Amino acid sequence: MPYTVGATDLLGFAAATSEAHGVPPVDAQLLADTLVTAELWGHPSHGMLRLSWYLSRIASGATAAVATPDVVSDNGAVLVVDGRDGLGQVLTDRAVTWGVERAGRHGISAVAVRGSGHFGTAAYFTRKAAEQGCVALLATNASPAMAPWGGREKRVGTNPWSIAAPGGRYGTVVMDIANTAVARGKIYHARERGEPIPEGWAADADGVPTTDPRQAIEGLILPMAGHKGYAISFMFDVLAGVLTGSAFGTSVVGPYQPTGRSGVGHLLICVDIRSMADPAEFERRMEALIEETKATPTAPGTAEVFVPGEPEVRTAERLRTEGITVADDTWAALASIADATGVPLPTPTCEELPA
């Protein structure tokens, strides 16, 4: 029986339990906000179900509760940082600060982070850069999830990436995708809810297509667009893993494993709009592109054409009022965290009856 909880209450719980694990208050608030924001955007796969994963890694020592990054090299526009196993959210948020500031000085910047961890939704961070006058691209790598095209063993991660840009009066336009048919977290979320996954998402350990999320987790997630998804994912491992000096390929450890150095790498590229165009003119051109796109005649059964990032904004507006529905298994995990930390569980606004 899922529970519906207010976003503010979930935020407070996630922050308090993170602090109980030794995460500094500001960093705990950031971690909590990334999780709740994912829920508000309609992506529970990157929301509260991951809190227990992150805290378990802190408890085991695989992730450092206090991030203490070291500068490896600093060439002005290009900065390389060793995250020293800190929380991916904290390190990436700092990368945004460094990247935007350096793009403002040099026109463009690249911040490479090695030795980091999973950071949640990439759009959370590219949106921040876009709100400060940049077009931003963020790439990261992940533990193996798909087989190389033509193979039958996991060797390549989902390796998500995001691009965001200011959209004038339409807010921020942002894309955030994994290079698989679906983000791995969505399969974990289906397992949490006891639901089958759609055909075309995954195969079992023998390479046979499956709709069972448990078999999919043990098996393979299929690439998006066939060989194209595999090739894109491979090249983003070049950018986020090989180039940054971090782990890559099968040496990356996922956040759902409580032990083992993560070794995740990130590459953030920021272009300061002022270095290429008048910001006001850029916004006018973006607005024209958005308006032209949204004015497209709709196909049968479609009420409205959206631009990237728009559905998440709409969903967040609704869920801030309605509350966030937490699946049974996720609620049970939160209850275990509450018992271990002494932080009270949020009070549900209502209990949903099973369909």
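Just so we're clear, the structure is a prediction, and the values are computed from it rather than from any experiment.

K.L.:
When you look at the environment of serine 262 in this model, what are you seeing that I'm missing?
P.N.:
As for its position among the elements, serine 262 is in the loop between helix H8 (227–242) and strand E13 (264–272). According to the relative accessible area criterion, serine 262 is buried, its value standing at 6%. Counting along the chain gives 174 residues from serine 262 to glycine 88, while the straight-line C-alpha distance between them is 9.7 Å.

K.L.:
In this structure, what is going on with the packing of helix H1 (residues 7–20) against helix H2 (residues 25–40)? I would like to understand it.
P.N.:
Helices that pack against each other are described as a pair by the angle of their axes relative to one another and the distance between those axes. One can describe the packing of H1 onto H2 by two numbers: an axis separation of 8 Å at closest approach and a directional angle of 140°. By the angle between their axes, H1 is oblique relative to H2. The crossing of H1 and H2 is right-handed. Taken together, the residues of H2 that come into contact with H1 (itself represented by Ala7, Leu10, Leu11, Ala14, Ala15, Ser18 and Glu19) are Pro25, Ala28, Gln29, Leu31, Ala32, Asp33, Val36 and Leu40. Across the contact of H1 with H2, the residue classes break down as 11 nonpolar, two polar and two charged.

K.L.:
What should I look at first to understand the sheet that holds strand E10 (residues 202–203) in this one?
P.N.:
Each strand in a sheet pairs with another by means of backbone hydrogen bonds, the pair being arranged parallel or else antiparallel. Taken in spatial order, the three strands of this open sheet run E11-E10-E12, and their pairing is antiparallel. Every other strand in the sheet has two partners, leaving strand E11 (209–210) and strand E12 (220–221) as the edge strands with one partner each. Looking at chain direction, E10 and E11 are connected through two bridges and run antiparallel. Bridge assignment links alanine 203 to a residue of E11, and that residue is proline 209.

K.L.:
Please explain the packing of aromatic side chains as it appears in this structure.
P.N.:
Two aromatic rings are characterised by how far apart their centres lie and by the angle between their planes. Evaluated as defined, the whole model comprises eight aromatic pairs. Summarising the aromatic geometry, the rings of tryptophan 53 and tyrosine 256 are spaced 5.9 Å apart at their centres and angled 80° between planes, so their arrangement reads as edge-to-face. With tryptophan 53 in helix H3 (residues 51–60) and tyrosine 256 in the loop between H8 and E13, this residue pair connects regions lying 203 residues apart in the sequence. The class of tryptophan 53 is buried, set by a relative accessible area of 13%. Cluster of aromatic residues (ring-pair linked, three or more members): Trp53, Tyr188 and Tyr256.

K.L.:
Would you mind going over the nonpolar core with me for this structure?
P.N.:
Side chains of nonpolar character tend, in soluble globular proteins, to be buried together. Among the nonpolar cores identified, the biggest contains 57 residues, and Leu10, Phe13, Val36, Met48, Leu51, Cys270 and Leu334 are the most heavily contacted of them. The element best represented in this core is H2, accounting for seven residues. Leu49, Ala145, Ile197 and Ala216 belong to the second largest nonpolar core, which has 12 residues in total.

K.L.:
Mind showing me how you'd approach the pattern of salt bridges here?
P.N.:
Opposite charge on two side chains makes pairing possible when the charged atoms of those side chains draw close. In total, this model carries 17 salt bridges according to the counting rule given. Across the pair aspartate 70 and arginine 84 runs a salt bridge whose closest N-O atoms are separated by 3.7 Å. With aspartate 70 in strand E2 (residues 70–74) and arginine 84 in the loop between strand E3 (78–82) and helix H4 (88–106), this residue pair connects regions lying 14 residues apart in the sequence. Residue aspartate 70 is classed as partly exposed on the basis of its relative accessible area of 37%. Note on arginine 84: relative accessible area 42%, which makes it partly exposed. Close ionic contact of glutamate 195 with arginine 193 constitutes a salt bridge, the shortest N to O distance being 3.2 Å. Take glutamate 195: its relative accessible area is 35%, and that puts it in the partly exposed class. What emerges from the salt-bridge pattern is a single network uniting Lys294, Glu304, Glu310 and Arg314.

Definitions and cut-offs
Residues numbered from 1 in each chain as written. Predicted model: local features only at pLDDT ≥ 70, side-chain atom pairs only at ≥ 80, totals over all residues. Heavy atoms only, no water. Helix = DSSP H or I, 4+ residues; strand = E, 2+ residues; numbered from the N terminus. Buried < 20%, exposed > 50% of the residue type's maximum accessible area, 1.4 Å probe, protein only. Axes fitted to C-alpha atoms, helices over the stretch in contact; angles between N-to-C directions. Parallel < 35°, antiparallel > 145°, perpendicular 65-115°, else oblique. Left-handed = near helix turned anticlockwise from the far one by under 90°. Contact = heavy atoms within 4.5 Å. Nonpolar A, V, L, I, M, F, W, Y, C, P; charged D, E, K, R; others polar. Pairing = 2+ DSSP bridges. Phe/Tyr/Trp six-rings, centres within 6.5 Å; stacked < 30°, edge-to-face > 60°. Core = buried A, V, L, I, M, F, W, Y, C linked by side-chain atoms within 4.5 Å. Salt bridge = Lys/Arg side-chain N within 4 Å of Asp/Glu carboxyl O.

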